[in-house]
Amino acid sequence: MFGLIECVVGRNVSSHSIHKHWDNIISCWLASLGPTSVKCGRTLMQYYQQERGGHQVESFEKDFKTQRRQNPWSKMSIEVVDFGSFGLGNAEPSAIELERISTEIIRAFRDIGFVYIKNTGIKDENVFEVMDISRRFFLLPRDIKQQYARSTDSETPSQGWIETESLNPTSSGELKEVFNLSTISTSDNWPVKHVPEFTKCMESFFKSSEQLAIRILKVIAMGLSLEPDFFINKHTKIGSNQNPTTLRTAYYPSIQKSSLKEHQMRCAEHSDFGTCTLLFQDKSGGLEVMNKSGQYCAAPYIPNTVLLNVANLLQRWTSDALISTKHRVPIPQTDDMLNSPRQSVAFFVHPDHNTILECCDGLNKYPPISSIQYLKETHGELFPRESYPTGD
Ligand SMILES: O=C(O)CCC(=O)C(=O)O
Ligand SMILES: [Fe+2]
């Protein structure tokens with residue numbers, strides 16, 4: 001799209017015909033809306049405002065909205081739910097208010113599997129602190145980071161630094177590195193010498209994310225007409241080696257176009273494994289979520305929100321009533337974005353290893369299975385050991 005813009009503006013044509021070209025471009029573009037449309041839309045809107053005067057903006061907005069209605073990707077807009085009354089630091093709100101929150105979240109979970117929640121008590125400044133401190137780790141030399149690499153055959157197979165991974169085996173490798181924290185209050189495997197604040201900052205963010213996740217588990221249960229503690233009781237060992245819940249800080253370096261492999265992504269198409277995920281993106285955004293028609297649309301950064309999504313195990317647990325939706329982070333389109341590193345922080349919520357997952361509607365669509373067995377069967381490469389601690 002931007003190539004096209006430069007190409008047209010670069011031609012020696014009258015201002016009238018530039019506008020005509022723009023109208024054509026916009027019509028074509030609107031007719032073939034793609035994943036980056038939202039961002040392009042804003043840029044084009046600015047063009048209209050700056051170059052053509054306010055009178056055009058109204059018609060542009062009208063066209064844009066009409067086209068959005070006609071295009072399947074645009075049918076997926078991710079709702080923003082206000083969690084303020086139940087945010088961290090607040091006591092439990094009234095039953096009516098809890099019902100509103102749970103109804104709104106479950107509606108989004110049934111529909112597209114993703115929802116933004118705002119006023120959670122976790123602020124952008126907390127998120128950016130994790131990103132700033134972890135970036136200092138990611139910028140260390142490789143041989144130092146290797147000392148903190150995860151070991152998949154340990155009891156905590158996700159803990160530590162991962163240089164590169166492929167969430168989707170058909171992808172050509174992902175352009176990211178990550179550091180995972182799953183067991184807190186263990187003194188080993190922290191780069192204390194190099195980034196002294198790293199441990200404290202990650203552990204503190206882990207604890208706030210866990211507290212928020214517990215509140216979210218409550219509203220999910222209520223929205224499904226289950227006992228409010230139904231899920232909470234199965235997530236009691238978060239932060240220990242009996243539960244694989246993981247806080248992940250991810251660093252996506254800037255990209256050299258010439259070294260890109262075919263179909264390579266920053267984060268390949270996948271769905272998450274566990275109960276649900278809390279995702280925090282930096283201001284550059286970049287995440288895309290698949291809609292029901294199989295098309296990707298942008299799930300941009302929205303200040304002071306958490307992007308919450310259903311993961312595979314919760315889909316199975318709810319007999320597919322809640323949807324674990326595919327998502328990805330593709331290679332950005334503009335040179336500016338290619339030259340900018342990207343960061344995100346995710347909290348992957350999982351039940352305790354020994355939880356027996358039985359379809360919670362009682363209809364037994366899927367046979368009961370323990371949570372750790374499910375992970376071993378679906379992601380054996382990440383959980384290769386014969387057994388993992390369960391506390392039984
Ligand atoms: O970095 C992101 O925004 C998304 C990462 C993600 O989806 C994942 O690691 O599961
Ligand atoms: Fe994911």
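The shown structure was predicted, so the numbers you read here are calculated from the model rather than taken from an experiment. (Residues numbered from 1 in each chain as written. Chains lettered and ligands numbered in written order. Predicted model: local features only at pLDDT ≥ 70, side-chain atom pairs only at ≥ 80, totals over all residues. Heavy atoms only, no water.)

1. A short note on the packing of aromatic side chains
For the structure shown, the criterion picks out 16 aromatic pairs. Measuring from centroid to centroid gives 5.2 Å for phenylalanine 205 and phenylalanine 280, while their planes differ by 75 degrees, and the two rings are edge-to-face. One end of the pair, phenylalanine 205, is in helix 8 (residues 198-223); the other, phenylalanine 280, is in strand 7 (residues 276-281), and 75 residues separate them in sequence. Taking relative accessible area as the criterion, phenylalanine 205 reaches 3% and is therefore assigned buried. Residue classification places phenylalanine 280 among the buried residues on the basis of a relative accessible area of 3%. Aromatic rings pair up to connect Phe137, Phe138, Tyr148, Phe179, Trp190, Phe198 and Tyr251 into one cluster. (Phe/Tyr/Trp six-rings, centres within 6.5 Å; stacked < 30°, edge-to-face > 60°. Helix = DSSP H or I, 4+ residues; strand = E, 2+ residues; numbered from the N terminus. Buried < 20%, exposed > 50% of the residue type's maximum accessible area, 1.4 Å probe, protein only.)

2. A word on the UniProt feature "domain: Fe2OG dioxygenase" (unreviewed entry) in the protein chain
As recorded in UniProt, the feature "domain: Fe2OG dioxygenase" (unreviewed entry) lies at residues 243-351. For residues 243-351, the end-to-end C-alpha separation is 6 Å, with 9% helix and 37% strand making up the annotated structure. (UniProt positions renumbered as here; feature names shortened; annotations may be inferred.)

3. Re the coordination of the iron ion (ligand 2)
Around the iron ion (ligand 2), the protein supplies His270 (NE2), Asp272 (OD) and His327 (NE2) as donor atoms, at distances of 2.1 Å. Sequence positions of the residues that donate to the iron ion (ligand 2) give the spacing H-x1-D-x54-H. The residues histidine 270 and aspartate 272 share a single accessibility class, namely buried. (Donors = N, O, S within 2.8 Å, 3.2 Å for Na, K, Ca; no water.)

4. Overview of the packing of helix 5 (residues 95-111) against helix 8
Look at helix 5 against helix 8: their axes get within 8 Å of each other, and the N-to-C directions meet at 80 degrees. Between helix 5 and helix 8, the angle is such that the two are roughly perpendicular. Residues Leu98, Ile101, Ser102, Ile105, Ile106 and Phe109 of helix 5 touch helix 8, and the partners they reach there are Val219, Ile220, Met222 and Gly223. (Axes fitted to C-alpha atoms, helices over the stretch in contact; angles between N-to-C directions. Parallel < 35°, antiparallel > 145°, perpendicular 65-115°, else oblique. Contact = heavy atoms within 4.5 Å.)

5. Some points on the pairing of strand 10 (residues 305-310)
Across the 6 residues of strand 10, 6 count as buried, placing the element largely inside the fold. Across the two faces of strand 10 the burial is the same, with Thr305, Leu307 and Asn309 and Val306, Leu308 and Val310 all buried. The sheet contact formed by strand 7 and strand 10 spans 4 bridges and is antiparallel. Residue pairing across strands places threonine 277 opposite asparagine 309, the latter belonging to strand 10. (Pairing = 2+ DSSP bridges.)

6. A short note on the site of ligand 1
With respect to spatial proximity, 13 residues lie near ligand 1, and among them Tyr252, His270, Asp272, Arg342 and Ser344 are the closest. The separation between an oxygen atom of ligand 1 and a polar side-chain atom of aspartate 272 is 3.1 Å. Coverage of ligand 1 by the protein amounts to 96% of the 300 Å² it exposes when considered alone. When residues of the shell around ligand 1 are traced back to their parent elements, those giving at least two are strand 5 (246-252), strand 6 (267-270), strand 11 (327-329) and strand 12 (342-349). Here the shell around ligand 1 gets 3 residues from one element, more than from any other, and that element is strand 12. When grouped by side-chain class, the residues that make up the shell around ligand 1 number 7 nonpolar, 3 polar and 3 charged. (Near = heavy atom within 4 Å. Polar contact = N/O pair within 3.5 Å; in protein donor to acceptor, adjacent residues only side chain to side chain. Areas by Shrake-Rupley, 256 points an atom, 1.4 Å probe, with all protein chains shown as cover. Nonpolar A, V, L, I, M, F, W, Y, C, P; charged D, E, K, R; others polar.)

7. Overview of the confidence of the model for the protein chain
Confidence in the prediction of the protein chain, expressed as mean pLDDT, is 82, and 78% of residues score 70 or more. Here residues 1-74 is modelled with pLDDT under 50, and outside its nearest four sequence neighbours on either side it reaches 72 contacts, counting other chains as well. Overall fold confidence (pTM) sits at 0.82, and the ipTM for the predicted complex is 0.99. (pLDDT = per-residue confidence, 0-100.)

8. Section: the packing of helix 6 (residues 124-138) against helix 8
Taken N-terminus to C-terminus, the directions of helix 6 and helix 8 make an angle of 145 degrees; their axes are 10 Å apart at the nearest point. Helix 6 and helix 8 meet at a crossing whose hand is left-handed. Mapping the contact onto sequence places Asn126, Val127, Glu129, Val130, Ile133, Ser134 and Phe137 in helix 6 and Phe198, Cys201, Met202 and Phe205 in helix 8. Its residues assigned to classes, the contact of helix 6 with helix 8 shows 8 nonpolar, 2 polar and 1 charged. (Left-handed = near helix turned anticlockwise from the far one by under 90°.)

9. With respect to the nonpolar core
Residues Ile105 and Phe231 are the most contacted members of the largest nonpolar core, which totals 70 residues. With sequence-adjacent residues up to four places away left out, isoleucine 105 is seen in contact with Val81, Phe83, Val115, Ile117, Val219 and Leu308. The next biggest cluster of nonpolar side chains, apart from the first, holds 17 residues, and it includes Tyr116, Ile162, Ala250 and Leu279. (Core = buried A, V, L, I, M, F, W, Y, C linked by side-chain atoms within 4.5 Å.)

10. Remarks on the environment of glutamine 281
By secondary structure assignment, the location of glutamine 281 is in strand 7. The contacts of glutamine 281, once residues within four sequence positions are left out, are Phe128, Met131, Gly286, Leu287, Ala299, Pro300, Tyr301, Leu307, Arg342, Gln343 and Ser344. Here the side chain of glutamine 281 touches alanine 299 through a polar contact of 2.8 Å, landing on its backbone oxygen.

11. Re the environment of leucine 287
Summarising the element assignment, leucine 287 is placed in the loop between strand 7 and strand 8 (288-290). Assessed through its relative accessible area of 4%, leucine 287 is described here as buried. Sequence separation between leucine 287 and serine 344 is 57 residues; the distance between their C-alpha atoms is 9.8 Å. With residues up to four places along the chain from it excluded, the contact list for leucine 287 reads Phe114, Leu279, Gln281, Cys297, Ala298, Ala299, Leu307, His327, Arg328, Val329 and Arg342.

12. A short note on the sheet that holds strand 1 (residues 80-82)
The sheet built from 8 strands is open, its strands ordered 1-2-10-7-12-5-4-3 with mixed pairing. The sheet is open, and its two borders are formed by strand 1 and strand 3 (160-162), each paired with just one other strand. In this sheet, neighbouring strand axes are inclined to one another by 25 degrees on average, regardless of whether the strands run parallel or antiparallel. The strands that helix 5 touches are strand 1, strand 2 (114-118) and strand 10; relative to strand 1, the one it contacts most, it runs at about 165 degrees.

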